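Below, each chain spelled out in residue letters.
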Amino acid sequence: MLPPPAAERPSPASPPSSRPDWAALARLIRLSNQSGTLLLMLPTLWGLFLASKGRPSPTLLAIFVAGSFLMRSAGVVLNDLADRPFDRQVSRTRSRPLASGALAPSDARRLALLLLGLAGGLLLFLNRLTLLLGPIALLLAALYPFAKRVIRLPQAMLGLAFGWGTVMAWAAVRNSLDPPVWFLYGSIALWTLAYDTIYALQDREDDVRIGVKSAAILFGAQTWLAVGLSLTGMVLLLATAGWLVGLGPLFYAALAAVGLFFLWQVRRLRESPSPEQAFTLFKQHVWAGWGILLGIWGGTV
């Protein structure tokens, strides 16, 4: 019996490609949406500007801007690795690369190790105190993805993680941890709790169905009040930090303007915004962060 013509023969299965899927990796770290990076970076810059009285060194600025990008990117990779079973059940997240199967977990782990390694390398350019604070940042980033399984207020853990970069920035400038930095840290923790609770409103119905804990579920109809109290505490603690450092009137003017913006947001929250509106409210906090940074700089001139 003659073999079939070449055109009719079944082609052997192609071996799986070992080349990384760059598009999927870019989506994994949310490369097209850097709101999270900015919300991590801006408080870090507050710390740099406060500690240096408005004149941080270009080297420190470059290190902490790059570190914010690397740590936020590593954080979302760790989060997506931990949340794969949940993400597949939530309409907003089921298309993420790991949840959809577009990317293998092994590729994500390698990327996380690379990002964390690069971030760790930046610490070598900083003083010993900042270097010692670095492992705490890694621990907080690693714990956050599992907080929603254990505590009813996982956004509080995110606040502790996001604020730690500011503590490190202060230490990098002053080689000490003075009282103002702890007021600043508390303000950032409360700010993160507030805006991430707004972010969680997008998934509240899905989270209830699959058993994920979040502040949006815990506070329910009183979410607007919880967010309002968190933002009030944030403004008061930030004002105290500015007073201890000796900032001028421009800082308090900027803080008052941001406070009015927060008041407007709380009123919008009372109207039960849609998931799309909640995401818009969340992203607006980036502008609040820039406003505070300008106020800190203006308060030092």
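Each value, and the rule that gives it
- Residues numbered from 1 in each chain as written.
- Predicted model: local features only at pLDDT ≥ 70, side-chain atom pairs only at ≥ 80, totals over all residues.
- Heavy atoms only, no water.
- Helix = DSSP H or I, 4+ residues; strand = E, 2+ residues; numbered from the N terminus.
- Contact = heavy atoms within 4.5 Å.
- Areas by Shrake-Rupley, 256 points an atom, 1.4 Å probe, with all protein chains shown as cover.
- Buried < 20%, exposed > 50% of the residue type's maximum accessible area, 1.4 Å probe, protein only.
- Polar contact = N/O pair within 3.5 Å; in protein donor to acceptor, adjacent residues only side chain to side chain.
- Core = buried A, V, L, I, M, F, W, Y, C linked by side-chain atoms within 4.5 Å.
- Expected span 1.5 Å × (residues − 1).
- Patch = residues over 30% accessible without salt bridge, like charges linked within 9 Å, V, L, I, M, F, W, Y side chains within 5 Å.
- Salt bridge = Lys/Arg side-chain N within 4 Å of Asp/Glu carboxyl O.
- pLDDT = per-residue confidence, 0-100.
- Phe/Tyr/Trp six-rings, centres within 6.5 Å; stacked < 30°, edge-to-face > 60°.
- Lys NZ or Arg CZ within 6 Å of the ring centre and 35° of its normal.

**Observations concerning the overall build of the protein**
Here comes step 1: Secondary structure assignment for the protein yields 15 helices and 0 strands.
Here comes step 2: When its C-alpha atoms are laid out on the principal axes, the protein stretches across 95 × 50 × 30 Å.
Here comes step 3: The contacts of the protein with a sequence gap of at least 6 include a subset with a gap of at least 24, amounting to 75%.
Here comes step 4: When the accessible surface of the protein is summed, it comes to about 14800 Å², and 67% of that surface belongs to carbon and sulfur atoms.

**Some remarks on the environment of G220**
Here comes step 1: Residue placement: G220 occurs in the loop between α11 (215-219) and α12 (223-245).
Here comes step 2: Through-space distance from the C-alpha of G220 to that of L39 is 25 Å; in sequence the pair is 181 residues apart.
Here comes step 3: Discounting residues that sit within four places of it in the chain, G220 has contacts with R204 and A215.

**So, the side chain of S52**
Here comes step 1: Its place among the elements puts S52 in the loop between α2 (35-51) and α3 (58-82).
Here comes step 2: The class for S52 is buried, based on a relative accessible area of 16%.
Here comes step 3: Within the structure, S52 has its side chain in polar contact with the backbone nitrogen of R55 (distance 3.3 Å).

**Description of the nonpolar core**
Here comes step 1: The biggest cluster of nonpolar side chains holds 81 residues, and the ones touching the most others in it are W46, F64 and V77.
Here comes step 2: With 11 residues, the top contributor of residues to this core is helix α8 (residues 154-174).
Here comes step 3: Discounting residues that sit within four places of it in the chain, W46 has contacts with L184, I188, W191, M234, L238, G289, I292, L293 and I296.

**Description of helix α13 (residues 249-269)**
Here comes step 1: Taking 1.5 Å of rise per residue, the 21 residues of α13 would be expected to cover 30 Å, and the 30 Å separating its terminal C-alpha atoms lies within 8% of that figure.
Here comes step 2: Where α13 is buried, its residues contact α9 (179-200), α12, α14 (275-283) and α15 (285-300).

**Points about a nonpolar patch on the surface**
Here comes step 1: A cluster of nonpolar side chains, L124, F125 and L131, forms an exposed patch at the surface whose accessible area comes to about 360 Å².
Here comes step 2: Tracing the backbone through its elements, the reader meets F125 in the loop between α6 (105-123) and α7 (128-150).

**Some details on the pattern of salt bridges**
Here comes step 1: This structure, assessed with the given rule, holds 10 salt bridges.
Here comes step 2: Here D83 makes a salt bridge to R149, at a shortest N to O gap of 3.5 Å. On the criterion of sequence distance, the pair formed by D83 in the loop between α3 and α4 (84-87) and R149 in helix α7 is long-range, its members being 66 residues apart.
Here comes step 3: Across the salt bridge formed by R209 and D206, the nearest N and O atoms sit 2.9 Å from each other. Here R209 and its partner D206 are both found in helix α10 (residues 204-210), 3 residues apart, which amounts to about one turn of the helix.

**Focus on α2**
Here comes step 1: Given a rise of 1.5 Å per residue, 17 residues ought to cover 24 Å, and the 25 Å separating the end C-alpha atoms of α2 matches this to within 8%.
Here comes step 2: For α2, the tally of buried residues reaches 16 of 17 residues, placing the bulk of the element in the interior.
Here comes step 3: Positive backbone phi, approximately 55°, marks K53, located one or two places after α2.

**Some thoughts on the confidence of the model for the protein**
Regions with low pLDDT carry predicted coordinates that are not meant to be interpreted in detail.
Here comes step 1: Mean pLDDT over the protein: 91, with 94% of residues reaching 70 or higher.
Here comes step 2: The model gives residues 1-17 a pLDDT under 50, and that stretch makes 2 contacts with residues more than four places away or in other chains.

**A word on the environment of D107**
Here comes step 1: Tracing the backbone through its elements, the reader meets D107 in helix α6.
Here comes step 2: By relative accessible area, which is 27% here, D107 ends up partly exposed.
Here comes step 3: On a C-alpha basis, the gap between D107 and D21 in space is 9.1 Å, while along the polypeptide they are 86 residues apart.

**Focus: the packing of aromatic side chains**
How two aromatic rings sit relative to each other is set out by the distance from centre to centre and by the angle between their planes.
Here comes step 1: Considering all chains together, one arrives at 12 aromatic pairs under this definition.
Here comes step 2: Taking the centre distance of 6.1 Å and the plane angle of 20° together, the rings of F279 and F282 count as stacked. On the criterion of helical spacing, the pair formed by F279 and F282 is a turn pair, its members being 3 residues apart in helix α14.
Here comes step 3: Between R270 and the ring centre of W224, over which it is positioned, the NZ or CZ distance is 4.1 Å.

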